[in-house]
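# Notes for the structure review
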Number of protein chains: 2
Amino acid sequence: MKHTIAVLVENKFGVLARISGLFSARGFNISSLAVGETQDPSVSRMTIVVDTSEARILEQIIKQLRKLIDTISVVDLTKKDFVERELALIKVNYEKSIQKKVKAILNKHKNTTRLIREARNEAIIEICATSEEVAVFVSNLSPYGIRELMRTGKVAIA
Amino acid sequence: MKHTIAVLVENKFGVLARISGLFSARGFNISSLAVGETQDPSVSRMTIVVDTSEARILEQIIKQLRKLIDTISVVDLTKKDFVERELALIKVNYEKSIQKKVKAILNKHKNTTRLIREARNEAIIEICATSEEVAVFVSNLSPYGIRELMRTGKVAIA
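No experiment lies behind these values; they were computed from the predicted model shown.

## Details of the environment of Ser-131 of chain A
Residues and elements named next belong to chain A.
- Turning to its location among the elements, Ser-131 is positioned in helix 4 (residues 131-141).
- As for Ser-131 and Ile-72, which are separated by 59 residues in sequence, their C-alpha atoms are 27 Å apart.
- Once residues lying within four places of it in the same chain are set aside, the contact partners of Ser-131 are Glu-84, Glu-86, Arg-151 and Lys-154.

## Describing helix 4 of chain A
Residues and elements named next belong to chain A.
- If you check which residues of helix 4 are buried, you get Ser-131, Val-134, Phe-137, Val-138 and Leu-141. Down the axis, helix 4 shows its buried residues gathered within 120° of arc, on one side only.
- Buried residues along helix 4 sit against strand 5 (83-93), helix 3 (96-108), strand 6 (113-119), strand 7 (122-129) and strand 8 (146-151).

## Side note on the sheet that holds strand 4 (residues 71-76) of chain B
- The 8 strands are arranged 4(A)-1(A)-3(A)-2(A)-2(B)-3(B)-1(B)-4(B) in an open sheet whose pairing can be described as antiparallel. Two strands bound the open sheet, and with one partner strand each, they are strand 4 (71-76) of chain A together with strand 4 of chain B. Strand-to-strand twist across the sheet, computed as the mean angle between neighbouring axes with direction ignored, equals 15°.
- Bridge analysis of strand 1 (residues 2-10) of chain A against strand 4 of chain A gives 5 bridges, and the strand direction is antiparallel. Within strand 4 of chain A, the position partnered with Leu-8 of chain A by the bridge is Ser-73 of chain A.
- Sitting on the sheet, helix 1 (residues 15-25) of chain A touches strand 1, strand 2 (30-37) and strand 3 (43-51) of chain A together with strand 2 (30-37) of chain B, and the angle it makes with strand 3 of chain A is about 20°.

## Details of the domain arrangement of chain A
Residue and element names in this part refer to chain A.
- Split into domains, chain A comes out as domain 1 (2-76) and domain 2 (83-157).
- Measuring from the centre of the C-alpha atoms in domain 1 to the corresponding centre in domain 2 gives 29 Å.
- Listed per partner, the contact involves 7 residues of domain 1 and 6 residues of domain 2.
- Across the interface of domain 1 and domain 2, roughly 470 Å² is buried in total on both sides, 51% from carbon and sulfur atoms.
- Summed over the shared surface of domain 1 and domain 2, the number is 0 salt bridges.
- The tally of links between domain 1 and domain 2 comes to 2 residue pairs in polar contact (both at pLDDT 80 or more).
- Sorting the residues of the side of domain 1 that touches domain 2 by element identifies strand 2 and strand 3 as the ones contributing at least two each.
- A per-class count over the side of domain 1 that touches domain 2 returns 3 nonpolar, 3 polar and 1 charged.

Rules used in this analysis
Residues numbered from 1 in each chain as written. Chains lettered and ligands numbered in written order. Predicted model: local features only at pLDDT ≥ 70, side-chain atom pairs only at ≥ 80, totals over all residues. Heavy atoms only, no water. Helix = DSSP H or I, 4+ residues; strand = E, 2+ residues; numbered from the N terminus. Contact = heavy atoms within 4.5 Å. Buried < 20%, exposed > 50% of the residue type's maximum accessible area, 1.4 Å probe, protein only. Arc of directions from axis to C-beta. Pairing = 2+ DSSP bridges. Axes fitted to C-alpha atoms, helices over the stretch in contact; angles between N-to-C directions. Domains from an automatic or database assignment. Buried area = accessible area lost by both parts, 1.4 Å probe. Salt bridge = Lys/Arg side-chain N within 4 Å of Asp/Glu carboxyl O. Polar contact = N/O pair within 3.5 Å; in protein donor to acceptor, adjacent residues only side chain to side chain. Nonpolar A, V, L, I, M, F, W, Y, C, P; charged D, E, K, R; others polar.

Structural data, given as structure tokens:
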């Protein structure tokens, strides 16, 4: 099961290494992690997604996270009502012969996607949607040849 | 100066801790970091932003990154032509008296923003733009009361 955890921390060097170290010490792989500034530049917010069936161990990791000196708060959003979004940048094959097909897919997802750049048989597309929608869009595009894909990892707000 | 570094790594536990540890061991603070899956689920891509004037030390860190067994490639995008985007979720005060003003700001940024949810005098807004545009939007909104702000950190594609 995927768990989405929001962590507020002091924006200091070493915090990210300590937090990711807590997960890896228990053999947990972080599926995605996004960390950026908040309205207060001295505070950062992380959204961490882990996929695990070991809820008890995750509970222990959360307790340890709360004990770290630079941690301000930890919330397991999985148990709450939250809004989630993920951003992906995709470089896709855009040769003349398939442009119409790629455009048709973009049109199907027109509320969440944008064609940012076209050049030399390639296009760069942006999608900003739920992680599930991003996955559907990527699998629709993939028969046409995805050259690069960069996902931010999910961010979520309660 | 801000440096944007793209790192492709094997998607294994412990990789994130090792990479963030390399930066903190040198006293470098990571301004933002986004890590997510690529088109190949066994490979993750990180976009790391660091703000530093010590280019020589950063060069050393990049060399060390390349030596890590789970690293596939490291590119300092700062030296290249790249497209960047950042996603932010913003929970803003949305009382009746200021709804018009908030809507006017949204309208100014209508190509990059969306009102996702309205409830109990609050609204959740999504913006997907360059880091610079996100910063401008946030500063335009802030007089009306930002309650929560979550940025993904920049992602970039060459």
